[in-house]
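Observations on the three-dimensional arrangement
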Amino acid sequence: VPGYTESLELGAGASGRVVLAVHAETGVPVAVKYLSESLRTRPGFVYEFRSEARLLGGLQSPYVAGLYEYVESPDGAAIVMELVDGISLRTLLTRQGPLDPEAALVLLKGSLLGLADAHRVGVVHRDYKPENVLIETAGSSKLVDFGIAVDAGTSAGVAGTPSYMAPEQWTGAPASRAADVYAATATFFECLTGHKPYSGDNIAELALQHVDAPVPVEQVP
């Protein structure tokens with residue numbers, strides 16, 4: 001991205017990668033999310049990436065990694081956003097295992113407030129999970145990755161991370177705030193127990209469990 005100096009890759013996946021960069025004029029560190037080379041020639045994916053930037057731009061919250069700018073050219077597309085100095089909840093759970101309820105709630109609080117701020121402006125995240133909760137060094141948290149977020153009520157098909165998807169997400173029902181609350185609760189469950197609510201071996205089995213199985217409340221305090 002013009003005007004920025006990159007220094008380190010922070011993460012990568014099928015849809016793209018995130019790098020640490022510094023704004024040349026101000027020295028401010030940022031995170032730059034690039035749409036992957038394989039997807040940037042496919043209009044549908046570019047549209048979704050642009051939509052992510054639009055949703056972030058309309059969401060002013062201290063509990064969500066904020067948008068600085070969106071850059072698109074024949075060479076690619078990038079979202080320049082606030083850098084969160086910390087680690088993901090997934091990393092913390094891997095290192096430390098189950099958490100006490102009070103500790104879990106302290107760590108989740110910021111991201112949950114970010115979720116509430118998104119809901120207040122009509123945005124459904126659709127992918128709340130430990131990987132998307134970033135814990136800052138002081139212990140507060142922020143919500144990140146609005147890659148599959150949509151406006152509430154939008155019929156956007158089946159999407160999400162299977163272990164955290166609400167029953168209505170499996171059936172392709174219109175996006176609802178309740179599905180985010182379900183995913184946040186599944187994340188809280190994992191914080192307390194060290195494992196996900198359901199342990200299906202494949203997508204079909206997970207779908208059946210999330211839609212029909214009893215909620216395993218006996219496993220938590």
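Just so it is clear, the model here is predicted, and its values are computed rather than measured.

About the criteria used
Residues numbered from 1 in each chain as written. Predicted model: local features only at pLDDT ≥ 70, side-chain atom pairs only at ≥ 80, totals over all residues. Heavy atoms only, no water. Helix = DSSP H or I, 4+ residues; strand = E, 2+ residues; numbered from the N terminus. Rg over C-alpha atoms; globule rule 2.2 N^0.38 Å. Buried < 20%, exposed > 50% of the residue type's maximum accessible area, 1.4 Å probe, protein only. Areas by Shrake-Rupley, 256 points an atom, 1.4 Å probe, with all protein chains shown as cover. Lys, Arg positive; Asp, Glu negative; His and termini not counted. Charge placed at Lys NZ, Arg CZ, Asp CG, Glu CD. Arc of directions from axis to C-beta. Contact = heavy atoms within 4.5 Å. Core = buried A, V, L, I, M, F, W, Y, C linked by side-chain atoms within 4.5 Å. Salt bridge = Lys/Arg side-chain N within 4 Å of Asp/Glu carboxyl O. Pairing = 2+ DSSP bridges. Axes fitted to C-alpha atoms, helices over the stretch in contact; angles between N-to-C directions.

**Looking at the overall build of the protein chain**
The secondary structure content of the protein chain amounts to 6 helices and 10 strands. On C-alpha atoms alone, the protein chain measures out to a radius of gyration of 18 Å, which is about the 17 Å that the 2.2 N^0.38 rule sets for 221 residues. Considered along the principal axes of its C-alpha atoms, the protein chain spans approximately 55 × 40 × 30 Å. The buried share among the 221 residues of the protein chain stands at 45%. Accessible surface, the protein chain: about 11100 Å² in total, of which carbon and sulfur atoms supply 57%. Across the protein chain, the mean location of the 15 positive side-chain charges is 3 Å away from that of the 26 negative side-chain charges.

**Let's talk about helix 2 (residues 89-96)**
Looking only at helix 2, the buried set comprises Leu89, Arg90, Leu92 and Leu93. One side of helix 2 carries all its buried residues, which in axial view fall inside an arc of 165°. What points out from helix 2, more than 90 degrees from its buried face, is the exposed set Thr94 and Arg95. Buried residues along helix 2 sit in contact with strand 6 (86-88), helix 3 (101-120), strand 8 (133-136) and helix 5 (177-193).

**A word on the nonpolar core**
Residues Leu89, Leu99, Tyr128, Phe146 and Cys191 are the most contacted members of the largest nonpolar core, which totals 35 residues. Those elements giving two or more residues to this core turn out to be strand 3 (29-35), helix 1 (43-57), strand 5 (76-82), helix 2, helix 3, strand 8 and helix 5. Once residues lying within four places of it in the same chain are set aside, the contact partners of Leu89 are Leu108, Pro130, Val133, Ile135, Thr187 and Cys191. If you look at the next biggest cluster of nonpolar residues, it comprises 8 residues, including Tyr4, Val32, Ala78 and Val80.

**With respect to the pattern of salt bridges**
Applying the stated rule across the entire model yields 11 salt bridges. For Glu82, the salt bridge identified is with Lys142, shortest N-O distance 2.4 Å. Of this pair, Glu82 sits in strand 5 while Lys142 sits in strand 9 (residues 141-143); the two residues are 60 residues apart in sequence, bridging distant segments of the chain. The buried category is assigned to Lys142, whose relative accessible area is 9%. Residues Arg90 and Glu190 are paired through a salt bridge, measuring 2.8 Å at the closest nitrogen-oxygen approach. Taken together, the residues span a long stretch of sequence, with Arg90 in helix 2 and Glu190 in helix 5 at a distance of 100 residues. You can call Arg90 buried: its relative accessible area is 18%. Taken together, the shared-partner salt bridges in this structure form one network comprising Arg90, Glu131, Glu190 and Lys196.

**Some points on the environment of Thr41**
In this fold, Thr41 is placed in the loop between strand 3 and helix 1. As for Thr41 and Asp117, which are separated by 76 residues in sequence, their C-alpha atoms are 33 Å apart.

**Side note on the sheet that holds strand 9**
Taken together, the 3 strands give an open sheet; going across it, the order is 6-8-9, and neighbouring strands pair in antiparallel fashion. Single-partner strands in this sheet number two, and they are strand 6 and strand 9. Ignoring strand direction, the axes of neighbouring strands in this sheet form an average angle of 30°. Taken strand by strand, helix 2 contacts strand 6 and strand 8, and its axis lies near 80° from that of strand 6. Against the sheet, helix 3 engages strand 8 and strand 9, with an angle of about 30° to strand 9.

**Thoughts on the sheet that holds strand 5**
Spatially, 5 strands are ordered 1-2-3-5-4 in an open sheet, and the strand pairing comes out antiparallel. If you trace the sheet from one side to the other, it starts and ends with strand 1 (4-13) and strand 4 (67-73), each paired once. For this sheet, the mean inter-axis angle between neighbouring strands, taken without regard to orientation, is 25°. Contacting strand 3, strand 4 and strand 5, helix 1 crosses the sheet at an angle of about 155° to strand 4.

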